Amino acid sequence: MVSTALRPDPMGPPVPARQRTEIALRDVCVRYPVSGSTSKTVLSCVDLEIFAGEFVVVLGETGCGKSTLLRLILGEEFPTSGSVTVDGKPVTRIDSRSGYVPQKYSLFPDRTVLGNVIYGPENACSRVLGRIRPSFWRFHRSLKSDARVFLERMGLRSQDMDKYPHQLSGGMQQRVAIAQALMMRPPVLLMDEPFSALDPSTRGSLQEQLHALWRETRPTVVFVTHNTSEALLLGTRLVLLGRHYEEDASRSNVLLDLELPTSRLPFARRKQSPEFQELRERIKLLAYKSSLMNRAEGPVEFPKAADPQ
Ligand SMILES: Nc1ncnc2c1ncn2[C@@H]1O[C@H](COP(=O)(O)OP(=O)(O)O)[C@@H](O)[C@H]1O
Ligand SMILES: [Mg+2]
């Protein structure tokens with residue numbers, strides 16, 4: 001069981017050593033049919049190797065393919081060409097190693113908060129043991145107490161745990177959806193803009209909780225956001241996606257793949273650090289330049305700190 005106490009963060013997490021490849025995308029291309037024989041390319045020539053224990057943030061403007069990328073890793077969708085592997089195995093269906101927090105929470109309306117959070121492991125266990133055996137009910141009790149811990153960490157009070165989703169605000173429902181994914185203790189955690197609908201103070205406290213949980217158990221996280229500050233606050237590595245270059249199909253729409261020096265700083269001091277401010281400006285400038293250039297002039301250089309702006 002995970003402790004509810006936040007651990008102090010004196011040094012910030014070290015960037016994980018790149019020892020084992022958890023997720024690999026090789027030359028991945030995704031095209032959707034539009035009308036007749038035309039198609040729209042969303043991801044193009046994407047090569048990405050994500051190592052176990054990394055916290056990778058995928059940043060990019062709306063429509064550049066961030067959610068598509070996550071769905072490929074989850075196994076909800078498949079590339080038009082190229083390959084996706086998780087833990088060395090090709091992803092051919094929804095992968096049991098992966099926990100997923102979709103952009104829009106989807107809870108079971110007829111189950112309580114607690115019932116929603118334990119749904120996955122409860123179901124898996126009842127398939128193996130059946131519901132009659134005492135061992136199932138022992139497991140069930142331990143699941144419930146585990147779920148309470150995750151829900152508390154996501155800021156739910158004990159009186160909310162027996163409520164039904166319709167009795168909660170959207171922000172509260174999103175917290176439940178996050179606890180639901182964490183409850184499975186997945187080695188891979190895929191999160192699609194999980195905090196985007198939350199007010200700033202709730203967002204701040206959940207960012208801190210997520211970071212603390214990641215430090216404690218070190219899953220491999222792929223976290224999608226379009227918020228540069230959130231990306232720099234949470235990630236050990238940043239992948240910046242741009243829109244597909246219509247003029248040159250062989251060009252990848254990964255604009256930048258960067259280990260984040262900010263991840264070596266203590267979490268509480270990151271936002272105020274000069275590294276954070278400087279990186280934020282450079283990334284915003286790069287994203288802006290790439291959106292202006294319409295990809296006709298070749299790959300966009302990551303501007304040096306001394307670049308005149
Ligand atoms: N199933 C689909 N069929 C057709 N187009 C799609 C489909 N899924 C996504 N798209 C299009 O692909 C683009 C990228 O979508 P998405 O991955 O959701 O972007 P993001 O998450 O970065 O906002 C969008 O233009 C979207 O309309
Ligand atoms: Mg999206």
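So, here is what we can say about the structure in this document. The residue count restarts for each chain, going from 1 along the sequence in the order it is written. Working convention: letters from A go to chains and numbers from 1 go to ligands, in the order in which they are written. Totals for whole chains, interfaces and linings use every residue, but because this is a predicted model, local features are given only for residues with pLDDT of at least 70 and side-chain atom pairs only at 80 or more, for both listing and counting. Based on all heavy atoms of the structure, the side-chain values leave hydrogens and waters out of the count.

## Quick word on the coordination of the magnesium ion (ligand 2)
Coordination of the magnesium ion (ligand 2) by the protein comes from Ser67 (OG) and Gln103 (OE1), over a distance range of 2.1 to 2.8 Å. A residue pair is termed long-range when its members are at least 10 positions apart, and Ser67 in helix α1 (residues 66-74) and Gln103 in the loop between β6 (98-101) and α2 (113-129) qualify at 36 residues. Classification of Gln103 by relative accessible area gives partly exposed; the value is 42%. The donor set comprises N, O and S atoms within 2.8 Å of the metal, extended to 3.2 Å for Na, K and Ca; water molecules are omitted, so apparent gaps in a site may simply reflect that omission. Strands here are runs of E lasting at least two residues and helices are runs of H or I lasting at least four, both read from the DSSP assignment and numbered beginning at the N terminus. With a 1.4 Å probe rolled over the protein chains alone, any residue whose accessible area is under 20% of its type maximum counts as buried; one over 50% counts as exposed, and the rest are partly exposed.

## Let's talk about unusual backbone geometry
Not every positive phi belongs to a glycine, and Asp27 is a case in point at roughly 50°. Inspection of the secondary structure assignment puts Asp27 in strand β1 (residues 21-35). Phi angles above zero are rare outside glycine, and Arg185 is one such case at about 45°. Position of Arg185 relative to the elements: it lies in the loop between α4 (170-183) and β7 (188-192).

## Considerations on the site of ligand 1
Every residue close to ligand 1 is listed here: Tyr32, Lys40, Val42, Glu61, Thr62, Gly63, Cys64, Gly65, Lys66, Ser67, Thr68 and Arg71. Contact distances for ligand 1 include 3.2 Å between an oxygen atom and a backbone N or O atom of Cys64. At a separation of 2.9 Å, an oxygen atom of ligand 1 approaches a polar side-chain atom of Lys66. When ligand 1 sits alone it has 560 Å² of accessible area, and the protein chains cover 64% of it. If you list the elements that add at least two residues to the shell around ligand 1, you get β2 (38-51) and α1. A total of four residues in the shell around ligand 1 trace back to one element, the largest contributor, which is α1. Any residue that is not Ala, Val, Leu, Ile, Met, Phe, Trp, Tyr, Cys, Pro, Asp, Glu, Lys or Arg is counted as polar, Gly included; the first ten are nonpolar and the last four charged. Its residues assigned to classes, the shell around ligand 1 comprises three nonpolar, five polar and four charged. Here a residue is considered near a molecule or strand provided that any single heavy atom belonging to it is located within 4 Å of it. N or O atoms closer than or at 3.5 Å make up a polar contact, with two conditions inside protein: a donor-capable atom paired with an acceptor-capable one, and, for residues adjacent in sequence, both atoms drawn from side chains. Each accessible area is a Shrake-Rupley result for a 1.4 Å probe, and residues are judged covered by the shown protein chains and nothing else.

## Re the packing of aromatic side chains
Paired rings are identified among Phe, Tyr and Trp, the last through its six-membered ring, by centres lying within 6.5 Å, and are further divided according to the angle between planes into stacked (under 30 degrees), edge-to-face (over 60) and tilted (the rest). Taken as a whole, this structure holds four aromatic pairs when the rule is applied. A centroid spacing of 5.9 Å and a plane angle of 40° characterise the contact between Phe55 and Phe223, whose relative ring orientation is tilted. Of this pair, Phe55 sits in strand β3 (residues 55-59) while Phe223 sits in strand β8 (residues 220-225); the two residues are 168 residues apart in sequence, bridging distant segments of the chain. Residue Phe55 is classed as buried on the basis of its relative accessible area, which comes to 0%. According to the relative accessible area criterion, Phe223 is buried, its value standing at 0%. Seen in terms of ring centroids, Phe195 and Phe223 are 5.7 Å apart; in terms of plane orientation they differ by 55°. Their pairing is tilted. On the criterion of sequence distance, the pair formed by Phe195 in the loop between β7 and α5 (200-217) and Phe223 in strand β8 is long-range, its members being 28 residues apart. We note that Phe195, like Phe223, is buried. Taken together through their ring pairs, the aromatic side chains of Phe55, Phe195, Trp214 and Phe223 make up a single cluster. The ring of Trp214 carries the charged tip of Arg218 above its face, separated from the ring centre by 4.2 Å. Charge-over-ring contacts are defined here by two conditions on Lys NZ or Arg CZ: a distance within 6 Å of the ring centre and an angle within 35 degrees of the ring normal.

## Here we look at the sheet that holds β2
A pair of strands is considered paired only if DSSP assigns at least 2 bridges between the two. If you walk across this open sheet you meet the four strands as β2-β1-β4-β5, and the pairing is antiparallel. Edge strands, defined here as strands with exactly one partner in the open sheet, are β2 and β5 (89-90). Both β1 and strand β4 (residues 81-86) contribute to a ladder of five bridges, which runs antiparallel. Among the inter-strand pairings, Leu25 is bridged to a residue of β4, identified as Val84. Every residue pair with non-hydrogen atoms within 4.5 Å of one another is taken to be in contact. Throughout, an axis means a line fitted to C-alpha atoms (over the contacting stretch in the case of helices), and angles, computed between N-to-C directions, take values from 0 to 180 degrees. Packed on one face of the sheet, α1 meets β1, β2 and β4 and runs near 120° to β1.

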